[in-house]
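A structural walkthrough
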Amino acid sequence: MLLSRSILSTTLLAGMVAAQVNPFVFYPQDPERQAVSCTSFVGRPDWNRAAEALLELEQQHFRSIGDANGFMRIFGIYHWIADEKLSTSETYDLVLRLPNASGSGPDMSTPGEIFRIAALTTPPSTNTQRGTWIMHDGFNIQGGAIVPGDYFLNTMLPRIYVGVGLPANPLWPATDGHSLFRADLLHANTGATVGENHRAGAPNPTWAGLASAPSFTTPWNYILGPFVTSPNLHVGGIDPTSTRLGLPIGVTGANFGMNGLFPDVSGSPRSDGLVLRVTDNLAPFGWCFFSASLGFKPPYFHWPMIGTLIGYGHVGDDGIDPPIPLGIALLQNGVRERSLALPGTIPPALVGTHLAFQAIVFDAVGGIGEWTNAQAVHF
Amino acid sequence: MLREGAVLAVLAALTVVSYWSQGNKVLAPAEAPPIAAALEAEPATAAAAPASAPVAEVTAPMVDRSHQLELPDGTFVAALNGATDAAPLQQFWGSQVPWSPIVGVERNDQGVDWYRHENGSYSTTQMVWRSDLKRHAAMTRVGHQGPAVTPAIGK
């Protein structure tokens, strides 16, 4: 059954003209379309020791990232690099991991690797100074990596881990070696003046994956994520009292990382606003249908729309418990934002509740609609 | 109706799978192509037959593109580092970076050849071992220059 569904979905997806892919990045700003001013530092998961920088994609927070009609397919990994000496190429691995058996953290064993692509290198350069690379490492569409687990069979894994493996490099940071762009959480205790901006109690979103010692969480997000062919949805938190985005005084922006997932609406003193942001490189001028629900609903597939609507809904679209429509808009050059709540308008009584948001992007030219990922908001 | 559709889809899938199983044979890594040859872009379509040729004989030859890389402008260059069936460069160039023509081939100190683009970006193809697929498969890779100012090192 799974095989036949996989073949069916593969056929449908292979028929799509996927001239582009979307990087799913969980970071305060959109590194593809916004000037990134929120980067706290560049760093490695475990100083200059060998470790994997892993983003945890947790089902309590995100669903249907890269949904290929029930299961997840990814087409490579996107990330930003800082190299202390550009003239010597750096080496890294791409990794996708299963969760460990204890239910917390990545499975760092070899069987825990969904895939590992070893020893990729950065481009050549004659520059002996520090510098940066934005790396797009992609598979062809037929070579997408299928992640175990399926919404149809109710076997979706609770979380998976995607990232890059960095070899040990004693030269870093003094003379050589490379690191990743990161936005530190408020409780990182690193002295960061810009970065993530979330409510109290938010968990660390990333891990340092270690092979010979226990892995541990890291209090920052990286500019790093999987390439997918489904559209992306992020929720942004707006805190007018914050300068964590590094924007000029008087300019208030939305933080699409931890502030959207864990906004502070306690009223003491913060009362964050919310905004939705849908991005899509595949249908950059498509119609966008925003919707919401009170928490995630059971995954639902529109069988009558098979072939014209890709992916599963998670906001209650089964006709019994319908989603809350939030409006229709056209994407403009691959992006559309929709304001949900101005700062100071969400009542503190909602603390402890959970919302979920998802959208459909419909490409009128190709006649194909596709669910974005769904994202939770934990007040 | 649904069953018929599913059967047709499965048949189509088998055709696709069959095609790719033929096309994805692992080849021995080739020598790095000479720069001039690698840079010799080819048009996307085969040359048309002379106008005077009989219509029945106008049969465009099947062009094997498996060792080539399709560029966003529709032309082709040699795939680097012995890659076979690499994804078109447009797929991973990024939608927000204007296309920039190739101006040279450079090899990094790890022995990997890269195309250098006019804007300072680099792109390449290479075969990698895919543990999930249990075979080698092509990657299409792009490195764009990031921010001019590199952030400070964090603890």
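Residues numbered from 1 in each chain as written. Chains lettered and ligands numbered in written order. Predicted model: local features only at pLDDT ≥ 70, side-chain atom pairs only at ≥ 80, totals over all residues. Heavy atoms only, no water.

At the interface, 59 residues of chain A touch 48 residues of chain B. With both sides pooled, the region where chain A packs onto chain B buries about 4400 Å², and carbon together with sulfur makes up 59% of that total. On the chain A side of the interface with chain B, the three residues burying the most area are Pro124(A), His136(A) and Asn140(A), jointly 14% of the side's total. On inspection of chain A and its partner chain B, the count reaches one salt bridge. Across the pair Arg141(B) and Asp137(A) runs a salt bridge whose closest N-O atoms are separated by 2.6 Å. Across the contact surface, chain A and chain B share 23 residue pairs in polar contact (both at pLDDT 80 or more). If you list the elements that add at least two residues to the side of chain A that touches chain B, you get helix H1 (2-14), strand S2 (41-43), strand S7 (76-83), strand S8 (91-97), strand S9 (113-121), strand S10 (131-139) and strand S13 (178-184) of chain A. Considering every element that reaches the side of chain A that touches chain B, the biggest residue donor is S10(A), with nine residues. (Contact = heavy atoms within 4.5 Å. Buried area = accessible area lost by both parts, 1.4 Å probe. Salt bridge = Lys/Arg side-chain N within 4 Å of Asp/Glu carboxyl O. Polar contact = N/O pair within 3.5 Å; in protein donor to acceptor, adjacent residues only side chain to side chain. Helix = DSSP H or I, 4+ residues; strand = E, 2+ residues; numbered from the N terminus.)

Residue and element names in this part refer to chain A. Taken together, the six strands give an open sheet; going across it, the order is S9-S8-S12-S4-S14-S15, and neighbouring strands pair in antiparallel fashion. Each edge of the sheet is formed by a strand with only one pairing partner; in this case those strands are S9 and strand S15 (216-218). Neighbour to neighbour, the strand axes of the sheet diverge by 25° on average, direction disregarded. Pairing of strand S4 (residues 51-58) with strand S14 (residues 206-209), which is carried by four bridges, proceeds in the antiparallel orientation. Each residue of the ladder has a partner; that of Ala 53, found in S14, is Ala 208. (Pairing = 2+ DSSP bridges. Axes fitted to C-alpha atoms, helices over the stretch in contact; angles between N-to-C directions.)

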